[in-house]
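Per-entry structural report
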Amino acid sequence: MSKKFYELTPDERLLALNLKEDIRLSLSSRQSPVNAQMVENYISDFRMPMGVVHDILIDEQHFSVPMAIEEPSVVAAANNGAKMLSNGVHVIMADTAMIGQMLLIGAAGVDEFIDLHRDEIFAKAKQAKPSIYKRGGGLRDVRVRNISKTETSVDFIIDTKDAMGANIVNTILEAELPLFEKFVPLGVILSNYATNQLVTVTGDVDFERIGGREVAQKIVALNHFSKNDPYRATTENKGLFNGISAVVLATGNDWRAVEASGHAYASRDGQYRGLVTWTILNGKLHGELTLPISVGTVGGAISAMPDAKQALSIIGDVNADTLRGVILSVGLAQNLAALKSIASGGIQRGHMRMQYRALAMQVGAKTDEITAIVSRLISLSYVDASVAKKILMEIRN
Ligand code: NDP
């Protein structure tokens, strides 16, 4: 009997996909045994460019921060933003616990039940994951949240220390299920809305760093649009996540979790708003960003993938709290650079050099031909692929 697709080796799967020989060999050459264990139906690794914020000052400490991202200009902008924030970014950490949900329908009496069985609930959590208790974490609280007339969420507040904690939380929740049997739980799962992991970063920018008070005032006015207009807010937050998600990804963390949590927080009062706030305060441009952010420095993909561990080591030997502050600081820098660009005449000028590099490669330029093509393209008022191709041909002839 022939094997099922998932039972094949990565190379056998590639063969089964009937790819062109050169593509199949190229994909095969990028396989790694470690990553083959990470996902199902593994065929190859997908590479992503990684750049670095060379120097960002956070709470008196200089950090270099890796960013994995495919979009040109993002890393340059983050570095510019970090320079503008030369007074340093300050991090304020609120709490560090994950939330796990037990979802109940018609849970009359669940409050009293929890009060009565509190010791048992806590003992069960410890029994389910003793190692997190040894590290000083574990179940901290159990709260009941009535969502509608019939729907109730029992929220388990769990400290997962330096792990993002999805699996730790789910393990504890599943162990609690039998205790709550009489309420016939619909299911248990962590919540990615990490409101017990709020982090705030602030930064003060000298006017001369950004081209004067007028530019600062323009940044404040532009930023204000994102507070009232969801169209502007979406784009401003997308730019913010250019920075945040690139660091989250490079460090092997779950960027979908961080983004989902961030967008939910951006809509917390019923309207989707920009997450960063810029004001003029004490003669400086003052930026502030608060975000629920759940990331780890151990566990999940971080501990399994050498790429993630190596990237994390660029930041240094940090714990999850420090990493959260670093990620948000890069976000603040990214947002500042984007607003500064728009306030000073648009982002295209800065973007185009990198976009043209990508265009040159797209039309087949070799590494040593790219610079010459880009310099020619920059001087033109209209550029598209055919123009780039024509210049490539001229250079070659
Ligand atoms: P793990 O299951 O790998 O748990 C982390 C483990 O790291 C702990 O169990 C602990 O094991 C060990 N550890 C070592 N040092 C520490 C420390 N200082 N603090 C805490 N733990 C430490 O990963 P997570 O629970 O973090 O789960 C994250 C993964 O779950 C991610 O890959 C995520 O994508 C995925 N996921 C996400 C979901 C979502 O977001 N909705 C849902 C399900 C999964 P020990 O104590 O035994 O050494």
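The structure reproduced in this document is the subject of the present report. Just so you know, these numbers come straight off a predicted model, no measurement behind them. (Residues numbered from 1 in each chain as written. Predicted model: local features only at pLDDT ≥ 70, side-chain atom pairs only at ≥ 80, totals over all residues. Heavy atoms only, no water.)

**A word on the sheet that holds strand S5 (residues 138-146)**
Put simply, the rule reads: Strands qualify as paired when DSSP identifies two bridges or more between them. Working definition: helices are DSSP H or I runs of at least four residues, strands are E runs of at least two. Numbering for both runs from the N terminus. Lines fitted to C-alpha atoms define the axes, with helix axes restricted to the stretch in contact, and inter-axis angles between N-to-C directions lie between 0 and 180 degrees. Contact definition: two residues touch when any of their heavy atoms are within 4.5 Å.
In space, the 4 strands of this open sheet follow the order S5-S6-S4-S7, with antiparallel pairing throughout. At either end of the open sheet lies a strand with only one pairing partner, and these are S5 and strand S7 (187-191). Averaged over all pairs of adjacent strands, the angle between their axes in this sheet comes to 25°, without regard to strand direction. Pairing analysis gives 8 bridges linking S5 to strand S6 (residues 151-159), with the strands arranged antiparallel. If you follow Val144 over to S6, its bridge partner there is Val154. The strands that helix H5 (residues 110-128) touches are strand S4 (97-105), S5 and S6; relative to S5, the one it contacts most, it runs at about 160°.

**Here we look at the pairing of strand S10 (residues 284-292)**
Definition in use: Only protein chains enter the accessibility calculation, which uses a 1.4 Å probe; a residue whose area is less than 20% of its type maximum is buried, one above 50% is exposed, and one in between is partly exposed.
Of all 9 residues that make up S10, 7 are buried, and the element is covered over most of its length. The sheet contact formed by strand S8 (residues 198-205) and S10 spans 8 bridges and is antiparallel. Considered in S10, the bridge of Asp204 is made with His286. By the bridge criterion, 6 bridges tie strand S9 (residues 276-281) to S10 in an arrangement that is antiparallel. From the neighbouring strand, Thr277 faces S10, where its bridge partner is Glu288.

**Things to note about the site of the ligand**
Selection rule: Near is defined per residue: the residue qualifies when any heavy atom it owns lies within 4 Å of the molecule or strand. We define a polar contact as two N or O atoms separated by no more than 3.5 Å, with the added condition that, inside protein, one atom must be a possible hydrogen donor and the other a possible acceptor, whereas residues neighbouring each other in sequence contribute only through side-chain atom pairs. The method behind every accessible area is Shrake-Rupley, applied with a 1.4 Å probe, and residues are considered shielded solely by the protein chains displayed. A cavity here means a set of 1 Å grid points, computed over protein atoms only, where a 1.4 Å probe fits but cannot escape. A pocket is an open set with protein on both sides within 12 Å along at least 5 of 7 lines, and lining residues have an atom within 4 Å of a point. For this analysis, a molecule is said to be in a pocket or cavity if more than half of its atoms are within 2 Å of the grid points defining it. Residue classes follow a fixed rule: Ala, Val, Leu, Ile, Met, Phe, Trp, Tyr, Cys and Pro count as nonpolar, while Asp, Glu, Lys and Arg count as charged, and any other residue, Gly among them, counts as polar.
Close to the ligand lie 20 residues, the nearest being Ser131, Arg135, Gly165, Asp254 and Gly300. Measuring from an oxygen atom of the ligand, one finds a side-chain N or O atom of Arg135 at 2.6 Å. For the ligand, whose unbound accessible area comes to 930 Å², protein coverage reaches 69%. Its atoms largely coinciding with the cavity grid, the ligand occupies the largest pocket. Those elements that provide at least two residues to the shell around the ligand are helix H6 (130-134), helix H7 (166-176) and helix H11 (300-304). Here the shell around the ligand gets 3 residues from one element, more than from any other, and that element is H7. Residues that form the shell around the ligand fall into these classes: 8 nonpolar, 7 polar and 5 charged.

**Here we look at the packing of aromatic side chains**
Put simply, the rule is: Only the six-membered ring of Trp is used, alongside the rings of Phe and Tyr, when aromatic pairs are assigned; centres must lie within 6.5 Å, and planes under 30 degrees apart are stacked while those over 60 apart are edge-to-face, with the rest tilted.
Counted according to the given criterion, the structure contains 4 aromatic pairs. Summarising the aromatic geometry, the rings of Phe156 and Phe180 are spaced 6.1 Å apart at their centres and angled 75° between planes, so their arrangement reads as edge-to-face. Here the residue Phe156 occupies a position in strand S6, and Phe180 occupies one in the loop between H7 and S7, the gap between them amounting to 24 residues. Each of the two residues, Phe156 as well as Phe180, counts as buried. Between the aromatic rings of Phe180 and Phe183, the centroid separation amounts to 6.5 Å while the plane-to-plane angle is 45°, which identifies the pairing as tilted.

**Let's talk about the environment of Phe225**
With respect to the helices and strands, Phe225 occurs in helix H8 (residues 213-228). Between the C-alpha atom of Phe225 and that of Ala94, which follows or precedes it by 131 residues, the distance is 28 Å.

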